[in-house]
Amino acid sequence: GETISYGSHALQTLDIWRAKDAKGPAPLIVFVHGGGWKRGSKDNATGQFKPVHYPGEGYAFASINYRLVPDATVEEQAADVASAVKALVTRADSLGIDRRRIVLMGHSAGAHLVALVGTDEKYLRGAGLSFADIVGVIPIDGAAYDVPAQMKDGPPIMQATYKQAFGTDPVRQKTLSPTLQAGAPNAPKFLLLYVQRPDGVRQAEALDTALTAGGSTVERGSFPGEGLQGHAEINRRLGDPSYAPTMTVDAWLKRVFGR
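Cut-offs used in this document
Residues numbered from 1 in each chain as written. Predicted model: local features only at pLDDT ≥ 70, side-chain atom pairs only at ≥ 80, totals over all residues. Heavy atoms only, no water. Helix = DSSP H or I, 4+ residues; strand = E, 2+ residues; numbered from the N terminus. Rg over C-alpha atoms; globule rule 2.2 N^0.38 Å. Buried < 20%, exposed > 50% of the residue type's maximum accessible area, 1.4 Å probe, protein only. Contact = heavy atoms within 4.5 Å. Areas by Shrake-Rupley, 256 points an atom, 1.4 Å probe, with all protein chains shown as cover. Lys, Arg positive; Asp, Glu negative; His and termini not counted. Charge placed at Lys NZ, Arg CZ, Asp CG, Glu CD. Pairing = 2+ DSSP bridges. Axes fitted to C-alpha atoms, helices over the stretch in contact; angles between N-to-C directions. Core = buried A, V, L, I, M, F, W, Y, C linked by side-chain atoms within 4.5 Å. Expected span 1.5 Å × (residues − 1). Phe/Tyr/Trp six-rings, centres within 6.5 Å; stacked < 30°, edge-to-face > 60°. Lys NZ or Arg CZ within 6 Å of the ring centre and 35° of its normal. Salt bridge = Lys/Arg side-chain N within 4 Å of Asp/Glu carboxyl O.

(A) A look at the overall build of the protein chain. A tally of regular secondary structure across the protein chain gives eleven helices and eight strands. Taking 18 Å as the expected radius of gyration for a compact globule of 259 residues, we find that the protein chain reaches 17 Å, a close match to that expectation. Overall, the protein chain is about 50 × 40 × 35 Å in size when its C-alpha atoms are taken along their principal axes. For the protein chain, the residues scored as buried account for 58% of the 259 residues in total. Nonlocal contacts in the protein chain, meaning residues at least 24 apart in sequence, comprise 77% of its contacts between residues at least 6 apart. Surface exposure of the protein chain reaches about 10,300 Å², of which carbon and sulfur atoms provide 53%. Side-chain charges of the protein chain comprise 28 positive and 26 negative groups, with the mean position of each set lying 2 Å from the other.

(B) Quick peek at the environment of Gly1. With respect to the secondary-structure elements, Gly1 resides in the segment before strand E1 (2–5). Residues Gly1 and Ile16 lie 15 residues apart in sequence; the distance between their C-alpha atoms is 5.1 Å. Discounting residues that sit within four places of it in the chain, Gly1 has contacts with Ile16 and Trp17.

(C) Fine view of the sheet that holds E1. Strands sit in the order E1-E2-E4-E3-E5-E6-E7-E8 across an open sheet of eight strands; the sheet is mixed. The sheet is open, and its two borders are formed by E1 and strand E8 (217–222), each paired with just one other strand. Across the sheet, the mean angle from the axis of one strand to that of its neighbour is 20°, orientation sign disregarded. With six bridges connecting them, strand E3 (residues 26–32) and strand E5 (residues 97–107) associate as parallel partners. Each bridged residue has a counterpart across the sheet, and for Ile29 the counterpart in E5 is Val103. Across the sheet, helix H2 (residues 74–90) lies against E1, strand E2 (13–17), E3, strand E4 (60–64) and E5, angled at about 150° from E5, the strand it touches most.

(D) Geometry of the nonpolar core. Ranked by size, the top nonpolar core spans 57 residues in total, and within it Leu14, Ile16, Leu28, Trp37, Leu88 and Phe166 carry the most contacts. Ignoring anything within four residues of it in the chain, the contact list for Ile16 reads Gly1, Glu2, Ile4, Leu28, Ala60, Phe61, Ala62, Leu88, Leu95 and Ile97. Grouped together as the second largest cluster of nonpolar side chains are 22 residues, Met105, Ile234, Val249 and Val256 included.

(E) Quick peek at helix H11 (residues 244–257). With 14 residues, H11 should reach 20 Å at 1.5 Å per residue; the first-to-last C-alpha distance of 20 Å fits that figure. When H11 is considered as a whole, its buried residues turn out to be Pro245, Thr246, Val249, Asp250, Trp252, Leu253, Val256 and Phe257. Positive backbone phi, at 70°, marks Gly258, one or two positions downstream of H11.

(F) Representation of the packing of aromatic side chains. If you walk through the whole model with that rule in mind, you get six aromatic pairs. When the ring of Trp17 is compared with that of Phe61, the centres are 5.9 Å apart and the planes differ by 40°; the resulting orientation is tilted. Here Phe61 lies in strand E4 and Trp17 lies in strand E2, a separation of 44 residues in the sequence. Judged by relative accessible area, which is 22%, Trp17 ranks as partly exposed. Its relative accessible area of 0% is what places Phe61 among the buried residues. Every member of this aromatic cluster is reached through a ring pair, and the members are Trp17, Phe31, Tyr54 and Phe61. The ring of Phe31 is capped by Lys50, whose NZ or CZ atom sits 4.7 Å from the centre of that ring.

(G) Looking closely at H2. Helix length check: H2, at 17 residues, gives a terminal C-alpha distance of 24 Å against a target of 24 Å (1.5 Å per residue), a fit within 8%. All of the buried residues along H2 are Val74, Gln77, Ala78, Asp80, Val81, Ala82, Ala84, Val85, Ala87, Leu88 and Val89.

(H) The side chain of Asp199, seen in detail. Position of Asp199 relative to the elements: it lies in helix H9 (residues 198–213). Non-local contacts of Asp199, meaning those with residues more than four positions away in its chain, are made with Ala143, Gln150 and Pro155.

(I) Spatial organisation of the pattern of salt bridges. Taken as a whole and judged by the stated rule, the model has 17 salt bridges. We note a salt bridge from Asp15 to Lys42, for which the minimum N-O separation is 3.2 Å. A residue pair is termed long-range when its members are at least 10 positions apart, and Asp15 in strand E2 and Lys42 in the loop between E3 and helix H1 (50–56) qualify at 27 residues. In this pair, the class of Asp15 matches that of Lys42, namely buried. Taking the shortest distance from any N to any O, the salt bridge between Asp43 and Lys42 comes out at 3.4 Å.

Structural measurements only, silent on function.
Below, the structure is given as structure tokens:
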């Protein structure tokens, strides 16, 4: 991979792996790591399979770092996602990227961030982009799509993390909730992946309902896995050709990218 800076902060960097055997400009997947909005990095939370599998499928694959809570806000993190996409779009010709075929993918807190960027256009607009620049979004096992609901009935162990990220102001919590921002317009297509964590299932189903009402085409992939172990596994193993979620994502990408 190659490392690119998309801003002046040390964490505003991304790694990009070019498509293998690309015949012309390649579709691009931009991955956003998890870690409770406060930790994690592209180096430890991307998983080993994605940077090999997706270029092998003919796609460029990028994984980004972003500024972390408490030094940055969740709003700034969503802006970082959009800025990273803009940096890749700006370099599309030299990187061999088809800037008209970009999918956002994120796990856990990263699933929340890509869903937020895919439902509240102000982040893309702030980077000089729009929903027209994103063909699809793949949130992986997020559970804070509706922040107030998650702070009311989500796992007690996560409440301090949510309070640090989303604060106590109900208006801000709603503004940062993809499910509550999913009125039209939104990114056109979503694939919601999740394991069998009760709050994650509830949150994905509610996001699906809201996005569908907002005019997006939504597909869901529900897979085995319990608790934090299942939550970590779906990210760690995605891109492993023998793993069922990999096949679901591959088929969806072929349809969305048209190749």
